[in-house]
Amino acid sequence: MAQLLLDYRFTATDFANPDDTFSGSFTNAAVTQGPGETALGAFDRAVDLGATGKAQCRLGGLSFDDR
Amino acid sequence: MFQAKRPIQSRQNLAESTALPFAIFLDKGTRSDRPVLVATVGNKAAGWAGPTSQFRLALKTGQWYSTTLVYDMDTAALFVDDAIVTVHAFPDGRLNAGRGQDLFLGTWVDGRRHHFNGKLALFQWYSGIPEDVESRLDERRSHPEWFIYMRTSSAGLRWEGRRRPCHLTGTWVHTSKPINVAASCITTAWTRPLKYTERFMPNISACAGVHPSATS
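Residues numbered from 1 in each chain as written. Chains lettered and ligands numbered in written order. Predicted model: local features only at pLDDT ≥ 70, side-chain atom pairs only at ≥ 80, totals over all residues. Heavy atoms only, no water.

Caption draft 1: Spatial organisation of the overall build of chain B. The secondary structure content of chain B amounts to 4 helices and 14 strands. Across the 216 residues of chain B, 55% fall into the buried class. Within chain B, contacts between residues at least 6 apart in sequence are counted, and of these 57% link residues at least 24 apart. Approximately 9,800 Å² of chain B is accessible, and the part contributed by carbon and sulfur atoms is 49%. (Helix = DSSP H or I, 4+ residues; strand = E, 2+ residues; numbered from the N terminus. Buried < 20%, exposed > 50% of the residue type's maximum accessible area, 1.4 Å probe, protein only. Contact = heavy atoms within 4.5 Å. Areas by Shrake-Rupley, 256 points an atom, 1.4 Å probe, with all protein chains shown as cover.)

Caption draft 2: Quick look at the confidence of the model for chain A. Residues with a pLDDT of 70 or more make up 97% of chain A, whose mean pLDDT is 94. Ranking the elements of chain A by mean pLDDT puts strand β1 (residues 3-9) of chain A last with 95 and strand β2 (residues 14-15) of chain A first with 98. (pLDDT = per-residue confidence, 0-100.)

Caption draft 3: Local environment of the side chain of Glu145 of chain B. All names here are of chain B. As for its placement among the helices and strands, Glu145 is situated in helix α2 (residues 144-154). For Glu145, a relative accessible area of 5% gives the class buried. At 2.7 Å, the side chain of Glu145 and the side chain of Thr86 are in polar contact. (Polar contact = N/O pair within 3.5 Å; in protein donor to acceptor, adjacent residues only side chain to side chain.)

Caption draft 4: Fine view of the sheet that holds strand β7 (residues 67-72) of chain B. Residue and element names in this part refer to chain B. Pairing is antiparallel across the open sheet formed by 3 strands, whose spatial order is β7-β8-β9. The open sheet is flanked by β7 and β9 (83-89), the only strands paired with a single partner. Taken over all neighbouring pairs, the strand axes of this sheet differ in orientation by 20° on average, direction set aside. One ladder, built from 6 bridges, connects strand β8 (residues 75-80) with β9; its direction is antiparallel. Each residue of the ladder has a partner; that of Phe79, found in β9, is Ile84. Helix α1 (residues 131-140) rests against β7, β8 and β9 of the sheet, and its axis sits at about 55° to β9. (Pairing = 2+ DSSP bridges. Axes fitted to C-alpha atoms, helices over the stretch in contact; angles between N-to-C directions.)

Caption draft 5: Representation of the environment of His143 of chain B. Residue and element names in this part refer to chain B. By secondary structure assignment, the location of His143 is in the loop between α1 and α2. Overall, the relative accessible area of 16% leaves His143 in the buried class. Along the primary structure His143 and Ala46 are separated by 97 residues, whereas in three dimensions their C-alpha atoms are 20 Å apart.

Caption draft 6: Summary view of the packing of aromatic side chains. Within this structure, the stated rule accounts for 10 aromatic pairs over all chains. Residues Phe15 of chain A and Phe26 of chain A carry aromatic rings whose centres are separated by 5.2 Å and whose planes lie at 50° to one another, so their mutual orientation is tilted. With Phe15 of chain A in strand β2 and Phe26 of chain A in strand β3 (residues 24-27), this pair connects stretches of sequence that are 11 residues apart. Given a relative accessible area of 4%, Phe15 of chain A falls into the buried group. Assessed through its relative accessible area of 4%, Phe26 of chain A is described here as buried. By the ring-pair criterion, three or more aromatic residues cluster together here, those being Tyr8, Phe10, Phe15 and Phe26 of chain A together with Phe123 of chain B. In this structure, Arg11 of chain B packs its charged tip against the face of Phe25 of chain B, placed 3.8 Å from the ring centre. (Phe/Tyr/Trp six-rings, centres within 6.5 Å; stacked < 30°, edge-to-face > 60°. Lys NZ or Arg CZ within 6 Å of the ring centre and 35° of its normal.)

So, in structure tokens, the structure goes:
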């Protein structure tokens with residue numbers, strides 16, 4: 001059974017799981033138009049990283065399958 | 001889900017983790033506006049290696065794509081827009097221990113290098129593999145490419161870099177030097193590139209010392 005551990009939809013420069021866990025934030029990035037309707041759902045927004053945009057998110061406590 | 005905005009001249013990281021060693025990045029293709037998508041894992045025996053879209057899929061800048069790296073036991077698979085592109089096999093599937101607890105988006109793990117100049121819309125990380133995805137990965141374990149990677153990885157060789165080309169399983173791959181386990185394949189391919197045909201299958205089987213249909 002697959003379990004979704006991280007589910008980030010980049011509608012803003014701040015992001016987190018739907019339950020607000022494992023939050024993070026892009027620096028030097030801007031919100032922009034997303035791809036719209038896709039096979040994975042509708043994404044009206046995205047983040048544009050431009051020349052220096054990036055994010056770092058702490059995953060301490062995240063339990064994943066490494067096999 | 002990503003979109004590269006500008007021509008890719010060198011590695012640009014979409015995502016990389018220090019908690020579980022994996023990286024997904026774009027690199028320069030045959031043309032700067034035709035980037036290559038690469039997904040690697042930090043394997044204990046083979047080091048950083050994994051599947052690439054090179055010679056299999058022509059990505060374009062300015063276009064949205066979804067990509068998925070799937071790792072299952074001894075095989076890493078690369079999907080683009082829900083279609084499997086290729087796999088990379090490891091004789092020993094164990095991964096290196098994580099060196100940190102972080103996920104980096106749009107940059108390498110130092111936060112400075114391999115910056116991604118583009119757009120991101122979605123990032124998801126699953127524990128476990130959805131059944132339909134796993135079945136498509138499993139199916140690739142019967143393909144010649146899987147056996148070639150398995151045998152070359154066993155010999156401590158890597159199929160990456162700008163090295164001597166040969167033609168295997170319908171795509172151009174690269175070797176650092178003539179490979180013992182696949183010498184006949186490589187020799188043949190160097191003189192006359194072969195395509196993935198029934199005729200080629202026995203060659204691969206002979207080289208790899210195992211026939212796909214004889215394995216589970």
